[in-house]
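A closer look at the structure
Letter by letter, the chains look like this.
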Amino acid sequence: MARWCYRHRLVVLLLWVGALVGVGFSASTAGTNYANVFSLPDTDSKTAYDLMQKAFPNTSGDTDTVVWKADSGSVTDQAVKDRVQPALDKIAKLPGVGAVTSPYAGARGSAQISKDGTIAYAQLTFTKRANEIPKEQVQKVLDTAQAAERSGLQVELGGQAIQRVQEPPQGLSEMVGIVAAAVVLFLAFGSFFAMTLPIAVAVFGVGMGLFSTQLLSHTTDIPDIAPLLASLIGLGVGIDYALFIVTRHRRGILRGMDPEESAVTALNTSGRAVLFAGGTVCIALAGMLVTRLHFLDGVVIGTSLTVVLSVLAATTLLPALLGLLGPRVLSRRQRRRLAAEGPEPEKASGLAARWSANVEKRPRRIAVLAVVVMAVLAIPVLSLRLGATDQGNDDASTTTRKAYDLLAEGFGPGFNGPLQVVSVGGDTAKLVQGLQSTPGVAQVAELPPSQGVTVIQVVPTTSPQSKETDDLIDTLRDQVIPKAGAQAHVGGVTAVSKDFASVTGDRLPLFIGTIITLGFLLLLVAFRSLVVPLTAAVMNLIAAAASFGVLVAVFQWGWGLDLLGLGKEGPINAFLPVIMLSLLFGLSMDYQVFLVSRMHEEWVHTKDNARAVRVGLAETSRVINSAALIMVCVFLAFVLSGDSGAAMAGVGLAAAVALDAFILRTALVPAAMHLLGRSNWWLPAWLDKRLPHLAVEPQEPAAAVDPAEPTGPGTAIHGFVRTPGGDPVEAASVTVMSKGGRQLDRVTSLADGSYIVSVPAPGAYLLAVTSASYGSKARHVTVAEGPVVYDVELTGDEVDAVN
């Protein structure tokens, strides 16, 4: 497939461009129809909502507020009334608005004016919940209210519906992430053309994924957070997958391979690992389905589809782009050096090789140090509290944050998240008395009953995200309501958030167990080992604990929140563990696959565990660290999204990827594998017979052999290196490599120009000959049953390193 795409590169490119334009046009024409189906069956808050929707169909939706403050005088002054009340009357007539409760409407409204008379609010009750209201309707409410502002009169709006129209322009975080990734890629490759390849693959994959998700929103329930998460994960994996393949391709060319053969080999080796890694990400995302939180189903569809399309772009579009670039995938300096000095030997050098050797020498010390670092970072996770952030976490410049602060200033923090006690029977008067006498309750207001349903609004003394408010909800449900003998349920946004956190916490162990088990089975089949997948499972748990520790320290304890510009500390969003663990598990498996597949490849050839771990780490650590750095840049860019959930996910995933790549895969995993020795690759014979075979990477010698030729014992290539005049070339470097660019043997020609190199089996090999005085050549040599005689002629002016 890779060879076909390489040779028909223009056809493949046109197909992808046509598909992107066609799907994009269709999506733009159809528009969006995202539906946030947020249902928590068998919870007290869901029962309260259902009762309100039945009895008060026009007032069971989201409740938002218009808040205004008079800098001088009182909000009851006629001048203030004449500006605010007409605006409220207009809002009441707008589509989607069920009711408006004004502080100027009789004695009941006086409670909506602060004691000092400088701040007042009106309640807007929409006919639907916040995530179901079209943004256009909310924007009209916002514009109508703020039109009443004048000098000395501040008007702000708060609430979940208002918050949705305050988000920054879409695409800002994605653009920042792409620019940051481009910088890292340019530093890694030193080539503008090579830098553009992963970016192009990611843009095509994510673009197709987002447009397809937009079209699917018309046929199934997909929440509006799905595109944001899909772009977050799609950009990360799309760039990383292309990076792994391009790196392998560049290495092949530098070692003397023809660009087409190098591209085919890169796809048949790293491309296989990309397919496997993409599959593990999709399986991890599908693990969210076991939580039975239905609003996550659409997230699974959107993110998984984007990952699949990113993998498809990496395995079809990328080889076509490699064909268009040819040798220009290398930097000019690399092309000049290749022409002057010939192919590079297959030898890891530099910092990666030195670090790999250091891990082999001191595995215990490095393992202990890595475990201590991860354990310290994981300590904050012991105080993890799931919940929901409120609008106090919004940017200080938004109207929702200003309205939040005004309400807290005038009426106390509890006004930002009132509870709704919905009663359907019993002594309501006694219930109201019980609520009024409950510690932690600031205000109780009973609304007129309808169809046997009475709604009592309870305003806590503490903010919606505080632990005291959670405790108050438990007190109302477990003590106050039963003691009053009433049949009542506690609802409202704050209660829904608390119930969601409880449901998520209860189902989290099943979810974690599911994705860990699936990952174990996948790695078991891929690497034919029990210890490797077990090690990966333990490492995933360590990475999750440490990354959540960082998340708690930043967002719950408030360390560094000012630097991020994300407001004050609060609980961790309840939906975040499920989404973040899915993405973290998938990305961790990616790095594990790329690292261990190279180790496994070396182990198959040499049966030397120390060499396999050393070579695998030396050859993959640099590209894994580059890929991780790109991921970190992409994820941190989502702090700019304006969505607190996306910001949390971005920071958490950035920390998880950094810890996973720079500490676990670079230090702890190889150190543990050195300590475990040959047992890393142990698999009972009976289990080996029953497991299906799944090749993450083909065995290089077997892949290099023509199927028509038999394999056999090792043999050799020998001959003479001479000039055109027949003079021997002494001290010429002769290297034999597999088709994948793996060095098999290397010698120096003798005084008479003779050489002999060994090969492991019959097949096709690459013979590269280099001399400082006579240039270089690379030729494909086919070895049959016996030794092959192959003479090489070098000229002083010919440079033919990649023919």
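Scoring rules and cut-offs
- Residues numbered from 1 in each chain as written.
- Predicted model: local features only at pLDDT ≥ 70, side-chain atom pairs only at ≥ 80, totals over all residues.
- Heavy atoms only, no water.
- 1 Å grid on protein atoms, 1.4 Å probe; cavity = no way out; pocket = protein on both sides within 12 Å on 5 of 7 lines; lining within 4 Å.
- Points joined across faces, edges and corners; volume = space filled by probe spheres on them.
- Helix = DSSP H or I, 4+ residues; strand = E, 2+ residues; numbered from the N terminus.
- Nonpolar A, V, L, I, M, F, W, Y, C, P; charged D, E, K, R; others polar.
- Pairing = 2+ DSSP bridges.
- Axes fitted to C-alpha atoms, helices over the stretch in contact; angles between N-to-C directions.
- Core = buried A, V, L, I, M, F, W, Y, C linked by side-chain atoms within 4.5 Å.
- Buried < 20%, exposed > 50% of the residue type's maximum accessible area, 1.4 Å probe, protein only.
- Contact = heavy atoms within 4.5 Å.

Summed over the entire model, instances satisfying the criterion amount to 5 cavities of 30 Å³ or more. Around the largest cavity, the lining is made up of 12 residues, and of these Arg248, Arg251, Ser270, Thr620 and Val623 lie nearest the centre. Elements with a minimum of two residues in the lining of the largest cavity: helix 9 (226-254), helix 21 (576-606) and helix 22 (609-636). Across the lining of the largest cavity, the residue classes break down as 3 nonpolar, 4 polar and 5 charged.

Here the focus is the sheet that holds strand 12 (residues 733-737). Spatial strand order, 13-12-15-16: 4 strands in an open sheet with antiparallel pairing. Two strands in the sheet have a free side with no partner beyond their single neighbour: strand 13 (743-748) and strand 16 (775-783). Here the average twist between neighbouring strands, direction ignored, is 20°. The sheet contact formed by strand 12 and strand 13 spans 5 bridges and is antiparallel.

Phi is positive for Gln451, which is not a glycine, with a value near 55°. Along the chain, Gln451 falls in the loop between strand 7 (441-446) and strand 8 (454-460). Backbone geometry at Ala731 places phi at a positive 65°, although glycine is not the residue there. When you line up the elements, Ala731 lands in the loop between strand 11 (715-722) and strand 12.

This part covers the nonpolar core. Core analysis: the largest hydrophobic core is formed by 151 residues, its most contacted members being Met288, Tyr591 and Phe635. Excluding anything up to four places from it in sequence, Met288 contacts Leu296, Val299, Val300, Phe511, Val578, Ile579 and Ser582. One finds Val75, Leu88, Val155 and Ala161 within the second-largest nonpolar core, a separate group that totals 27 residues.

Here the focus is the side chain of Thr213. Here Thr213 lies in helix 8 (residues 192-216). When neighbours within four sequence positions are excluded, Thr213 is seen to be in contact with Tyr34, Ile222, Gly302, Leu305 and Thr306.

Looking at the element boundaries, Leu232 is found in helix 9. A residue is classified by how much of its surface remains accessible, and Leu232, at 1% relative accessible area, is buried. With 414 residues separating them along the chain, Leu232 and Ala646 place their C-alpha atoms 8.9 Å apart. When neighbours within four sequence positions are excluded, Leu232 is seen to be in contact with Leu583, Val634, Phe635, Phe638 and Leu653.

Attention now moves to the sheet that holds strand 9 (residues 487-491). Strand order in the open sheet made by the 4 strands is 7-8-6-9, with antiparallel pairing throughout. Because the sheet does not close on itself, it has two edges, and the strands there are strand 7 and strand 9. Geometrically, the sheet is characterised by an average inter-axis angle of 20° between neighbouring strands, direction not taken into account. Here 5 bridges tie strand 6 (residues 419-425) to strand 9, and the two strands are oriented antiparallel to one another. When the sheet's bridge partners are listed, Ser423 is paired in strand 9 with Ala488. Sitting on the sheet, helix 3 (residues 44-55) touches strand 6, strand 8 and strand 9, and the angle it makes with strand 9 is about 105°.

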